[in-house]
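# Report on the structure
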Amino acid sequence: MSVSAATVTPISEAAHAAKPKTWFDGELIDSDALQAGLTTHAMHYGSGVFEGIRAYATADGGAAVFRLPEHLERMRKGASLLGLAFDPAQATQAVLATLRANGHRDAYIRPLAWFGEGSFGLDVEGHAPHMMVATTATQVHLNGTRARLGVSSWRRNPADSLPPLKLCGAYVNSILAKREAKARGFDEAMFTDRSGNVVECTGANLFMVRDGSVVAIEHPDALPGITRDSLIALTGAASRMATLDELLDADEVFACGTAAEVAPISQIEDREYGTNPVTRAIAEHYKRVVRGEDTSYRHWLTAV
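Given the structure is predicted, the values throughout are model-derived calculations rather than measurements.

Conventions and cut-offs
- Within each chain, residue numbers correspond to sequence positions counted from 1 in written order.
- Selection of residues for local features in this predicted model requires a pLDDT of at least 70, selection of side-chain atom pairs for listing and counting requires 80 or more, and totals for whole chains, interfaces and linings are taken over all residues.
- For the side-chain quantities, the full set of heavy atoms in the structure was used; hydrogens and water were omitted.
- Orientation is described by axes fitted as lines to C-alpha atoms, over the contacting stretch for helices, and by angles from 0 to 180 degrees between their N-to-C directions.
- The numbering of helices and of strands both runs from the N terminus, where a helix is a DSSP run of H or I of at least 4 residues and a strand a run of E of at least 2.
- Should an angle lie under 35 degrees it is considered roughly parallel, over 145 roughly antiparallel, and from 65 to 115 roughly perpendicular; all remaining angles are considered oblique.
- Should the near helix be turned counterclockwise from the far one by less than a right angle, the crossing is left-handed, whereas a clockwise turn marks it as right-handed.
- Note on contacts: a residue pair qualifies if any of its non-hydrogen atoms lie within 4.5 Å across the two residues.
- Residue types Ala, Val, Leu, Ile, Met, Phe, Trp, Tyr and Cys, when buried and joined through side-chain atoms within 4.5 Å, form a set referred to as a nonpolar core.
- The rule is simple: take the accessible area with a 1.4 Å probe, protein chains only, and divide by the maximum for that residue type; under 20% is buried, over 50% is exposed, in between is partly exposed.
- Think of a polar contact as two N or O atoms within 3.5 Å of one another; within protein, one of them needs to be a possible hydrogen donor and the other a possible acceptor, and neighboring residues in sequence only count if both atoms come from side chains.
- Of the grid points, spaced at 1 Å and generated over the protein atoms alone, those admitting a 1.4 Å probe that cannot get out make up cavities, while open sets with protein on both sides within 12 Å along at least five of seven lines make up pockets; any residue with an atom within 4 Å of a point is treated as lining.
- Grid points are joined across faces, edges and corners, and a volume is the space filled by probe spheres set on the points.
- In this classification, Asp, Glu, Lys and Arg are treated as charged, Ala, Val, Leu, Ile, Met, Phe, Trp, Tyr, Cys and Pro as nonpolar, and every other residue, Gly included, as polar.
- Without a salt bridge and with relative accessible area above 30%, a residue can belong to a patch; like charges are then joined within 9 Å and nonpolar side chains (Val, Leu, Ile, Met, Phe, Trp, Tyr) within 5 Å.
- Surface accessibility follows the Shrake-Rupley procedure with a 1.4 Å probe radius. Residue values consider only the protein chains on display as shielding.
- The salt bridge criterion pairs a side-chain nitrogen of Lys or Arg with a carboxyl oxygen of Asp or Glu, the two atoms within 4 Å.

Right, let's get into the packing of helix α2 (residues 68-82) against helix α3 (residues 88-102). Each pair of packed helices gets described by two things: the angle between the helix axes and the distance between those axes. Put simply, α2 and α3 touch, their axes get as near as 10 Å, and they point 130° apart. Of the possible angle classes, the one that applies to α2 and α3 is oblique. As α2 runs across α3, the sense of the crossing is right-handed. In this structure, α2 uses Leu-68, Leu-72 and Arg-76 to contact α3, whose residues at the interface are Pro-88, Ala-91, Thr-92 and Val-95.

So, in structure tokens, the structure goes:
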């Protein structure tokens, strides 16, 4: 699986494709032409790994992918655990080629690697490896969205059972928690452990603010988020474990992630928060960073 130079169209010349293109095993093809066989191993057993990545229109008129090497290195780690071949250099070219083919500047990017068709059973041997990259145009920032969190009765997958990486099968845990939270009237679920420590949301890490100090919530079962890491660098936040009681007593709480960006929390169970001024300032700074307006962090951007 490789990408030739011919597949890479300069962003300035890219027209919006009549049909969305997906990179699949080395080729850019119409997204609606793709099908997966009914014996695909990943469909039955979750034997795949994915990432969620964002591209942004930048201040110089171009576009850039935010922290692409870090996302693909995390994907490589997950693929390695499954015995799934994955080449970050090839994946980099696939991401850029797909963005260019679709003419996307502000975009959500979904690379996925998985085991394909073969016999039933848990062994992955004999199943062909595949990789795809899809992009979806988006200009959504969640800075103005104040989410309401419900504490889940489900526990996060413990790290000594499932490593905190983006393994496809692991996210059934998040689906169950999110369904429960929405049925209770909340927007999102928050996991805690049996000792009352906060873990994370179904697809986002958490921070709290108290007396102006910012704390990144740390837990061994939580995904080591790239957005979380970025915000620690931007704010100088301390990183430590925290109890649910501490979050309920905080001045502000916010979630962060590739899709969520920096999302202020308006409520956790019955506890309501105010206008989240520190969170909003952090969100504005993050927006400048991802769009290349703060040149101190240009090294986090990969030009499209």
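Picking up where we left off.
What follows concerns the nonpolar core. In this structure, Val-65, Phe-86, Leu-99 and Ile-109 are the most contacted members of the largest nonpolar core, which totals 31 residues. Listing elements by their share of this core, those giving two or more residues are β3 (48-50), β4 (53-57), β5 (63-66), α2, α3, β6 (107-115) and β7 (129-137). Of all the elements, α3 adds the most residues to this core, at five residues. Apart from the residues lying within four places of it in its own chain, the contact partners of Phe-86 are Leu-72, Met-75, Arg-76, Ala-79, Ala-91, Ala-113 and Met-131. Judged by nonpolar contacts, the second largest core, of 21 residues, contains Ala-216, Ala-237, Tyr-286 and Val-289.

This part is about the side chain of Asn-276. Checked against the element boundaries, Asn-276 lands in the loop between β16 (271-272) and α7 (277-290). A polar contact is formed between the side chain of Asn-276 and the side chain of Arg-146, at a distance of 3.0 Å. Those residues in contact with Asn-276 that lie beyond four places of it in its chain are Arg-146, Glu-252, Val-253, Pro-264 and Ile-265.

Bringing the layout of surface pockets into the picture now. Of the pockets and cavities examined, the largest pocket occupies roughly 710 Å³. Lining the largest pocket are 35 residues, and of these Glu-188, Gly-203, Ala-204, Ala-259 and Ala-260 sit closest to its centre. For the lining of the largest pocket, the elements supplying multiple residues, two or more each, are α2, β6, β8 (147-151), α4 (172-183), β10 (198-201), α5 (226-235), β14 (252-257) and β15 (261-268). With three residues, the top contributor of residues to the lining of the largest pocket is β14. In terms of residue class, the lining of the largest pocket is made up of 16 nonpolar, 10 polar and nine charged. Here the second largest pocket defines a volume of roughly 280 Å³. Around the second largest pocket, the lining comprises 18 residues; the ones closest to its centre are Arg-74, Pro-224, Gly-225, Ile-226 and Asp-229. Contributing elements (two or more residues each) for the lining of the second largest pocket: α2 and α5. Looking at the lining of the second largest pocket residue by residue, the class counts come to eight nonpolar, two polar and eight charged.

What follows deals with a nonpolar patch on the surface. Taken together, the side chains of Trp-154, Val-172, Ile-175 and Leu-176 present a nonpolar region at the surface, about 360 Å² in accessible area. When you line up the elements, Ile-175 lands in helix α4.

This part is about the pattern of salt bridges. For the structure shown, the criterion picks out 15 salt bridges. Close ionic contact of Asp-30 with Lys-21 constitutes a salt bridge, the shortest N to O distance being 2.6 Å. A relative accessible area of 22% places Asp-30 in the partly exposed class. For Lys-21, a relative accessible area of 26% gives the class partly exposed. In this structure, a network of salt bridges that share partners links the residues Arg-67, Glu-70 and Asp-229.

Turning our eyes to something else, we now look at the environment of His-130. Along the chain, His-130 turns up in strand β7. For the pair formed by His-130 and Phe-24, sequence separation is 106 residues and the distance between their alpha carbons is 7.6 Å. Here His-130 is in contact with Phe-24, Asp-25, Leu-112, Ala-113, Trp-114 and Gly-116, once residues within four sequence places are set aside. Polar side-chain contacts of His-130 include one of 2.7 Å to the side chain of Asp-25.

Read these as layout, nothing more, since geometry by itself doesn't imply function.
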